[in-house]
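Listed here are the chains, written in short residue letters.
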Amino acid sequence: ALIGRVNSDLANNLGNLLNRTVNMMAKYYEAIIPEPRQSPDDSLLTNKATEVIREVHALYDHLSFNKILTKIWELVDATNQYIDLSAPWNLFKTEDGKARLATVMYNSIESLRVIAVLIYPFMPETAGKILQQIGIRESIEAQGLQSIRTWGGTKPGNKIEPGALI
């Protein structure tokens, strides 16, 4: 059941999130991660990421792997909702919107980085592919779990590399 759920969620939610994010990055920013400008509109996503990271760490103490995956997928869903509510395709149409778009795209990439680190123990190849596509060259092992405790570890200016997840 766990393998079935992981494969289904991977193909649908995470694959969709990665594909739409890297495609929009390629379209709007020539595949270069923009510099963000945080705003209160981003707190729902960043707070959710902080909550998920904290709860995943606690669940490891109890070896609750199914609950860990459920928590990680809450962040996947929250990031997809963040993109839907932010509507990057509309932000791109105005100059004011373009300033907000940079932050939305950066936060989407940063959330994918956090997700990749969190799923690494369960899906190491997929995690590596995500990092490669979002322009992070440092291995997950080198980053460690500490790297996701603070939001903003993705470096603006990195070039993304769209590709297949599965």
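In this text the structure is predicted, and so the values were computed from the model without any measurement. (Residues numbered from 1 in each chain as written. Predicted model: local features only at pLDDT ≥ 70, side-chain atom pairs only at ≥ 80, totals over all residues. Heavy atoms only, no water.)

## Concerning the overall build of the protein
Now for step 1: When you go through the protein residue by residue, the secondary structure sums to seven helices and zero strands.
Now for step 2: Helices (α) and strands (β) of the protein occur, in sequence order from the N terminus, as α-α-α-α-α-α-α.
Now for step 3: Relative to its length of 166 residues, the protein is compact, with a C-alpha radius of gyration of 15 Å against a globular reference of 15 Å.
Now for step 4: By residue count, 48% of the 166 residues in the protein fall in the buried class.
Now for step 5: Counting contacts in the protein only where the partners sit at least 6 residues apart, residues at least 24 apart contribute 77% of the total.
Now for step 6: Accessible surface computed for the protein: about 8200 Å², of which carbon and sulfur atoms make up 54%. (Helix = DSSP H or I, 4+ residues; strand = E, 2+ residues; numbered from the N terminus. Rg over C-alpha atoms; globule rule 2.2 N^0.38 Å. Buried < 20%, exposed > 50% of the residue type's maximum accessible area, 1.4 Å probe, protein only. Contact = heavy atoms within 4.5 Å. Areas by Shrake-Rupley, 256 points an atom, 1.4 Å probe, with all protein chains shown as cover.)

## So, the pattern of salt bridges
Now for step 1: By the definition in use, this model includes ten salt bridges.
Now for step 2: Between Lys48 and Glu51 there is a salt bridge, and its shortest N-O distance comes to 3.2 Å. Taken together, the positions of Lys48 and Glu51, both in helix α2 (residues 43-61) and three residues apart, correspond to about one turn of that helix.
Now for step 3: Judged by relative accessible area, Glu51 falls into the partly exposed class, the value being 24%.
Now for step 4: A salt bridge links Glu110 to Arg113; its shortest N-O distance comes to 2.8 Å. Within this pair, Glu110 and its partner Arg113 are both found in helix α5 (residues 95-119), separated by three residues, close to a single helical turn.
Now for step 5: Overall, the relative accessible area of 2% leaves Arg113 in the buried class.
Now for step 6: Each of Lys48, Glu51, Glu55, Lys71 and Glu74 takes part in one network of salt bridges that share partners. (Salt bridge = Lys/Arg side-chain N within 4 Å of Asp/Glu carboxyl O.)

## Observations regarding the packing of aromatic side chains
Now for step 1: With the rule as written, the count across this model stands at one aromatic pair.
Now for step 2: The aromatic ring of Phe92 is capped on one face by Lys98, whose charged end is 4.9 Å from the ring centroid. (Phe/Tyr/Trp six-rings, centres within 6.5 Å; stacked < 30°, edge-to-face > 60°. Lys NZ or Arg CZ within 6 Å of the ring centre and 35° of its normal.)

## Description of helix α6 (residues 124-133)
Now for step 1: All of the buried residues along α6 are Thr126, Ala127, Ile130, Leu131 and Gln133. All buried residues of α6 lie within an arc of 165 degrees about the axis, which places them on one face of the element.
Now for step 2: Looking at the residues trailing α6, positive phi occurs at Gly135, about 85 degrees. (Arc of directions from axis to C-beta.)

## What about the nonpolar core?
Now for step 1: By size, the foremost hydrophobic cluster in this structure holds 46 residues, and its most contacted members are Ile72, Ile119 and Ile134.
Now for step 2: Secondary structure elements with two or more residues in this core: α1 (2-29), α2, α3 (65-86), α5 and α6.
Now for step 3: Take this core: its biggest share by element is twelve residues, from α5.
Now for step 4: Other than its neighbours up to four places away in sequence, Ile134 contacts Leu18, Val22, Ile33, Ile109, Leu112, Arg113 and Ile160. (Core = buried A, V, L, I, M, F, W, Y, C linked by side-chain atoms within 4.5 Å.)

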